[in-house]
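Chain by chain, the residues run as shown.
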Amino acid sequence: MDEKKKEVEILQNKRIEFLRKEQQVAAAKRADQLEPYEQQVRDRRKECLEKENTFNQAIHELEAAEKVVEKTKKAYIEEERKEEERKKLTIDVERFKEFLPSVREMDETKQKLETLQQSITKLTNDISNANSTLKRKESEIDSLKKGLSKKESRMNDRAKKQDQVHNLREKYRVFHEYTKLRKNQWYIQKELEQKESIYKRAEKRYKQYETIWFQNQAAVLASHLHDGDHCPVCGSISHPKKALIDKDQVTKEELDKVKVDQSEKHQAYQAILADFRLCTSKLKEQSQQVATYEVALEHVDTEMENTIQEGQKLSEEVVALDKLAEEIEKEKQSIERLEREVKQAREEKEQFEASLSKQQTEFTTIHATFNERVRNIPENIQDLQQLQLKITETETLKNKLDKQWKEIQAQLQQADKTYTTAQVNVAHAKIELEKIKTIVQQVEALFKERLKEAQFLDEQMYKQAKLSVHERERLQKEIELYKQQIATLQKQIEELSVQLQGKEQVDISVIEEQLKKLKQLYETAFERLNRAKNNAEKAMDIKKNILTVQSEVAALEKEVATVTDLFDVLRGQNMKRISFERFLQIDYLDQIIAAANERFKSLTNGQFYLIRSDRQETHGRQSGLAIDVYDAYTGQNRDVKTLSGGEKFIASLCLALGMSDVIQSFQGNISVETMFIDEGFGSLDEESLQKSIDALISLQQTGRMIGVISHVDELKTVFPAMLEVKKLKEGYSKTKFILK
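Computed from a predicted model, the values in this text were never measured in an experiment.

(A) Region of interest: a negative patch on the surface. On the surface, E347, E348, E350 and E353 cluster together to form a negatively charged patch. Here E348 shows up in helix α7 (residues 300–374).

So this is what it looks like as structure tokens:
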């Protein structure tokens with residue numbers, strides 16, 4: 001209750017402040033009632049200011065229009081004085097235009113004369129240049145002919161020296177071949193001696209092994225003989241001295257091995273002996289050829305060196321003469337070229353002279369006519385460009401003056417019209433301004449009267465009392481709240497006085513402490529409750545998300561199963577082991593096989609027919625592209641691998657041709673015009689080879705180019721062109737084209 005009394009006392013101290021706020025709200029309400037009158041005054045004053053501005057603007061426009069009229073009248077008078085000048089310009093333009101056709105024709109004539117003059121000058125220079133060129137080229141011809149005669153005299157010994165070079169080369173070849181054979185014989189002789197020594201050692205060893213083996217055989221036979229038994233060799237029944245087994249035994253296998261080694265050494269010896277005899281025979285023949293040159297065999301090497309030196313010297317001389325021959329040929333060609341150029345230059349000079357004479361005559365005639373026409377035209381307009389410029393300048397000046405005259409007339413008319421309009425606007429604006437001033441005085445008097453009625457001394461006091469609606473409502477709420485708080489507190493004090501009558505005051509600090517602890521426990525429990533609610537809401541959201549994701553996963557798994565099945569079908573994981581790509585390839589293969597069978601049946605006399613096999617492949621491989629062959633003789637299908645080499649080649653050839661046909665049928669812009677076939681014809685019999693050739697010829701007749709790489713001689717007579725390749729001993733190949 002003490003606190004309530006203190007609060008009432010505080011509120012009572014604020015009473016004067018709230019009384020002032022009540023007066024402020026009352027004044028604001030009275031001012032609010034005067035708002036329409038104030039707005040009317042503001043509107044009329046604003047309208048009066050606008051009318052006054054309009055009046056001042058009209059006066060300003062009137063003064064400006066008056067100045068424009070005066071200025072335009074002066075310009076009008078100035079342009080009016082130019083009437084004679086405008087008439088003179090019109091006459092000049094007409095006179096200049098009368099001369100224009102004649103001057104234009106004169107200008108064309110003048111240009112033609114200038115062209116002729118330039119052409120005459122050029123022809124004169126061309127004739128002079130032609131004379132200089134003729135003299136220079138004739139001098140070159142004379143100089144070349146003198147040098148040519150000297151060089152031709154040096155060419156007389158060329159053929160003789162070439163024969164000498166040829167003979168020396170042949171002589172060197174004979175000597176070189178002899179020395180080569182002689183050296184080869186020496187090497188073969190050395191090898192022969194070595195092989196002979198090896199052979200003799202092998203033969204001696206074999207005889208030793210053979211002797212030992214025979215002795216051992218006799219000892220083996222003697223070991224079974226007894227006195228009284230007949231010897232199978234000599235027939236004796238007495239055996240006083242039997243053969244004994246030698247300690248160095250030789251088996252049959254060892255003897256055969258030594259025999260084989262002896263035979264190989266003997267063959268090697270016989271082979272090198274044959275080479276030696278052959279080389280000796282060739283050396284003897286080559287010695288006879290050397291003897292034809294009357295050279296002793298021991299001097300062959302020296303003579304060969306001399307031959308090389310002499311041949312090099314002669315070759316250098318022949319090369320020099322060959323170069324001289326090339327120079328002579330080039331000089332002859334140069335002389336022929338210069339003579340042709342001299343002839344051409346003379347013809348051009350004659351043409352230049354004829355053209356010069358013709359153009360000089362034409363220039364004289366045209367120039368005389370031009371001078372006659374020039375006399376009738378004033379000198380200052382004889383040039384076409386000057387005349388056209390004069391016409392343009394005169395017309396421009398005339399048009400400018402005409403335009404200025406028309407513009408000043410229009411400007412004067414517009415200025416008069418603008419001045420009249422400005423006078424009317426000034427009179428009207430003055431009347432409107434006087435009207436609005438009267439209205440403003442009336443409205444201001446009415447507003448002042450209403451201010452007095454609302455207890456405002458002047459307009460300034462009225463403006464200070466004005467409040468916005470928001471501000472007025474705020475003050476009104478504060479006042480009402482203030483009154484309500486006082487009434488509430490006074491009532492609470494009365495109720496507390498009744499309740500506390502006859503009671504003592506107690507200390508409530510302990511209760512407040514307990515209350516504080518209970519509040520803390522309450523806030524903690526309330527916070528835990530809120531967290532539990534939030535966790536429950538999150539758990540519900542998670543459950544909803546799990547259910548949603550579960551349904552989405554089920555839908556995706558169903559879609560994945562469909563896609564997986566489709567993917568397995570496409571990649572060939574199906575009953576037929578055929579992928580989508582292979583399915584498309586099968587379609588193309590069927591068409592290729594159909595095209596190939598058209599040739600394969602005829603080339604095999606109807607025995608074979610290619611078909612695509614549907615058998616399943618093993619080890620997980622895809623199926624569908626295997627090829628079988630139907631044998632009409634047996635009526636059964638079999639793998640194409642069972643065909644012979646020639647039959648496989650024919651089948652491959654037909655498949656290749658069929659594939660080219662299918663490609664061209666599908667792709668109209670692709671043309672397989674060239675085909676190369678490498679080998680395979682050698683495995684064909686005569687009939688199959690002929691049919692294959694006929695098939696290739698029919699293809700070639702359709703416009704295709706067929707190239708065959710083969711060693712079969714029969715094909716050489718079939719094709720009209722061949723590229724023949726020959727392998728040389730030097731380690732490279734030589735090629736040449738053969739056309740039939």
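(B) Examining the packing of helix α12 (residues 580–603) against helix α13 (residues 645–666) more closely. Two elements in contact, α12 and α13, have axes whose closest approach is 7 Å; the angle formed by their N-to-C orientations is 130°. Accordingly, the angle class assigned to the pair α12 and α13 is oblique. When the axes of α12 and α13 are compared, the crossing they make is right-handed. The segment α12 lies against α13, with Y588, Q591, I592, I593, A595, A596, R599, F600 and L603 engaging E647, I650, A651, C654, L655, L657, G658, M659, D661, V662 and F666.

(C) Region of interest: the sheet that holds strand β3 (residues 636–639). Overall, antiparallel pairing links the three strands, which are arranged β1-β2-β3 in an open sheet. Here the strands that pair on one side only, and so sit at the sheet edges, are β1 (608–612) and β3. Direction aside, neighbouring strands of the sheet carry axes that sit 35° apart on average. One ladder, built from five bridges, connects β1 with strand β2 (residues 627–631); its direction is antiparallel. Opposite F608, over in β2, you have D631 as the bridge partner. Lying on the sheet, α12 is in contact with β1 and β2; it crosses β1 at an angle near 180°.

(D) Fine view of the environment of E66. With respect to the element layout, E66 can be found in helix α3 (residues 35–80). Looking at E66, the relative accessible area reads 37%, which means it is partly exposed. For E66 and T418, which are 352 residues apart along the polypeptide, the C-alpha to C-alpha distance reads 8.9 Å.

(E) Main features of the nonpolar core. Counting residues in each nonpolar core, the largest one holds 26 residues, and the members touching the most others are F600, L610, V629, I650, C654, I677 and L696. Only α12, β1, β2, α13, β4 (674–678) and α14 (686–701) provide two or more residues apiece to this core. When neighbours within four sequence positions are excluded, C654 is seen to be in contact with A596, R599, F600 and L603. Counting residues in hydrophobic clusters, the runner-up holds 11 residues, among them C48, L62, A422 and I436.

Scoring rules and cut-offs
- Residue indices begin from 1 for each chain and proceed along its sequence in written order.
- pLDDT decides what is reported in this predicted model: residues at 70 or higher carry local features, side-chain atom pairs at 80 or more are listed and counted, and totals for whole chains, interfaces and linings draw on all residues regardless.
- Neither water nor hydrogens contribute to the side-chain values; these are computed over all heavy atoms in the structure.
- Only residues whose relative accessible area exceeds 30% and that form no salt bridge enter a patch; like-charged residues are grouped when within 9 Å of one another, and nonpolar side chains (Val, Leu, Ile, Met, Phe, Trp, Tyr) when within 5 Å.
- Each accessible area is a Shrake-Rupley estimate made with a 1.4 Å probe; only the visible protein chains count as cover when residues are assessed.
- Each salt bridge in this description consists of a side-chain nitrogen of Lys or Arg and a carboxyl oxygen of Asp or Glu lying within 4 Å of one another.
- Charge assignment: positive for Lys and Arg, negative for Asp and Glu; neither His nor the chain ends contribute.
- To locate a charge, the coordinates of NZ of Lys, CZ of Arg, CG of Asp or CD of Glu are taken.
- Numbering goes from the N terminus for both helices and strands, where a helix is a DSSP run of H or I of at least four residues and a strand is a run of E of at least two.
- Axes here refer to lines fitted to C-alpha atoms; in helices the fit is confined to the stretch in contact. Angles between the N-to-C directions go from 0 to 180 degrees.
- Any angle that is under 35 degrees is reported as roughly parallel, and any over 145 degrees as roughly antiparallel; angles of 65 to 115 degrees are reported as roughly perpendicular and all others as oblique.
- It is the rotation of the near helix from the far one that decides the hand of a crossing: anticlockwise by less than a right angle makes it left-handed, clockwise makes it right-handed.
- Between two residues, a contact is recorded if the distance between any of their heavy atoms is within 4.5 Å.
- Two strands form a pair only when DSSP identifies at least two bridges running between them.
- Relative accessible area decides the class of each residue, using a 1.4 Å probe on protein chains only: under 20% of the type maximum gives buried, over 50% gives exposed, and in between gives partly exposed.
- To qualify as a nonpolar core, a set must consist of buried Ala, Val, Leu, Ile, Met, Phe, Trp, Tyr and Cys residues joined through side-chain atoms within 4.5 Å.

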